[in-house]
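Each chain, written out:
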Amino acid sequence: MNNEPFVKTTTVAELGRVSFELPWDSHDAPDPVAALTAARAKHGDTFTLQSGETQYVMIFSAAALEAFYELPERVASKGLADYRMLLRKLPEVLFNGRRTFAHDLFGATEVTGYLPNVDHAIALGITELQRDITGVTGITGIGDEGLGGNAGDAVVDVFGFARRLGHRIGITSWFGKDAPFEELVALLDQLDGADAFVHPEAMIGREPGMELAAMAEVANIVQQLLDNPDRTPSFFDVVAQRWHDTHGEARATGIAYDLILLHIATMTNLFAAIGWALSCAARYPNDAGDLDRLALEAIRLGQRSIITREVLCPTTLFDGVQVIELKAGMMLATMAPVTNRAISAGARADGNTFDPSRWAGPALRNDVTVATFGHGEHRCPAQRFSMLAITRTVSAVLRAFEISAEFDGIEPLPLQVGGIARPAHECLIRYRPRTT
């Protein structure tokens, strides 16, 4: 006699259904986090969303998320879903024929080798902040002539500082110290693939003409670096060696496209995570003792990702209550901030409150309802590199300066549907040289 409890099999048509536009389908889309939170309150942890021509099966229960992360890529592809999103911003030719990939970069030995570049970039960032205090015209901050600054202190937009620092880390690591920094910053900002999910509404009907022009300019810079026999050895040479069988424009273009995608892949969310971590250190100085915990908690709160997988063949998914039948062509999806902020773990606070004591080492990473760097085979390969870059930055800033926040909280861009939240408004911190 079978004593196993009966588990209902459910078709997608039998699930609760909501219909509203996601931001890449309409300029008039609602805030997706608020809309999906409301839909979950009404329909439970599993329901369907119709946006434009696409049907999404939205899942939020622990059982469903565990099954979601365990699905083989050949059955439900995250890579294909991410690729389709990036194509809203970047031309398809950028992705064709690549020879260097993000997963090539972040073994333990490789990460250790990048740390001098990270520290070099941080030191330059600290120097720029110090120049603003002394009255020398700086780039990242606002000196005592503006925003009510006092002699001996200055104010900086923390996310602007973090973005420039992220560029410095990436350009120094991948292009090398001899690369023209300011020129590359302007070009890589134009090629920021994160725009596809940070400003999805701006991608509707967009043509990639400016991106193609920027890619050509990066290839010109690569050719100049190749022609410089005195350049400092760097990862640039590793990438260049992978194109040893090509010549002239084809070689410079191949190397450039590899480096562009590496920079996009590693810097897409690093600067925003640095900005959140510095913001939390400024707002909650008493909680800045363990920087790993601070960084993980800042990322948990800042996470804004919709995580999608395109179903490639018929399959099923158990959500803890029912087995759901999925058909090819559907999108299986969850949205991290909906569950990230629903947790109640921790000694003092609910999920909307900053509380780094939730983290006992990386413990919450084992909870599939909380997403920082992802889970399973799709976990971010740059996790160790990113955590080291974040914590080393915060540590260096706190050693050099006393900092305080000039804002009460970070309001995310309302239509962002991926990555770490970018702020809707400036987030200013005041800093002065540390005397103790």
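Our subject is the structure listed above.
These figures come from a predicted structure and were not determined experimentally.

(A) Fine view of the environment of Asp192. Within the element layout of this structure, Asp192 appears in the loop between α6 (181-190) and α7 (195-198). Note on Asp192: relative accessible area 11%, which makes it buried. In this structure, the C-alpha to C-alpha distance between Asp192 and Ala63, residues 129 residues apart in sequence, is 35 Å. Other than its neighbours up to four places away in sequence, Asp192 contacts Lys89 and Arg163. A polar atom in the side chain of Asp192 sits 2.9 Å from the side chain of Arg163.

(B) Local environment of helix α3 (residues 78-86). Residues Lys78, Ala81 and Met85 constitute the buried set of α3. For α3, the angular spread of the buried residues around the axis is 65 degrees, confining them to a single face. For α3, the secondary structure elements touched by its buried residues are β5 (76-77), α7, β8 (306-311) and β11 (331-335). If you check the start of α3, you find a side-chain oxygen 3.5 Å away from the backbone N of Gly79, and it comes from Ser77.

(C) Summary view of the pairing of strand β10 (residues 322-326). Side chains Gln322, Ile324 and Leu326 of β10 all project onto a buried face; the interleaved residues Val323 and Glu325 project onto a face where none is buried. Relative to β10, strand β1 (residues 8-11) runs parallel, the two sharing four bridges. Bridging across to β10, Thr10 finds its partner in Ile324. Sheet topology places strand β9 (residues 315-318) next to β10; four bridges connect them, and they run antiparallel. Bridging across to β10, Leu317 finds its partner in Ile324. Here β9 folds back onto β10 in antiparallel fashion, the turn holding three residues, of which Gly320 has a positive phi close to 100 degrees.

Quick notes on the rules
Residues numbered from 1 in each chain as written. Predicted model: local features only at pLDDT ≥ 70, side-chain atom pairs only at ≥ 80, totals over all residues. Heavy atoms only, no water. Helix = DSSP H or I, 4+ residues; strand = E, 2+ residues; numbered from the N terminus. Buried < 20%, exposed > 50% of the residue type's maximum accessible area, 1.4 Å probe, protein only. Contact = heavy atoms within 4.5 Å. Polar contact = N/O pair within 3.5 Å; in protein donor to acceptor, adjacent residues only side chain to side chain. Arc of directions from axis to C-beta. Pairing = 2+ DSSP bridges.

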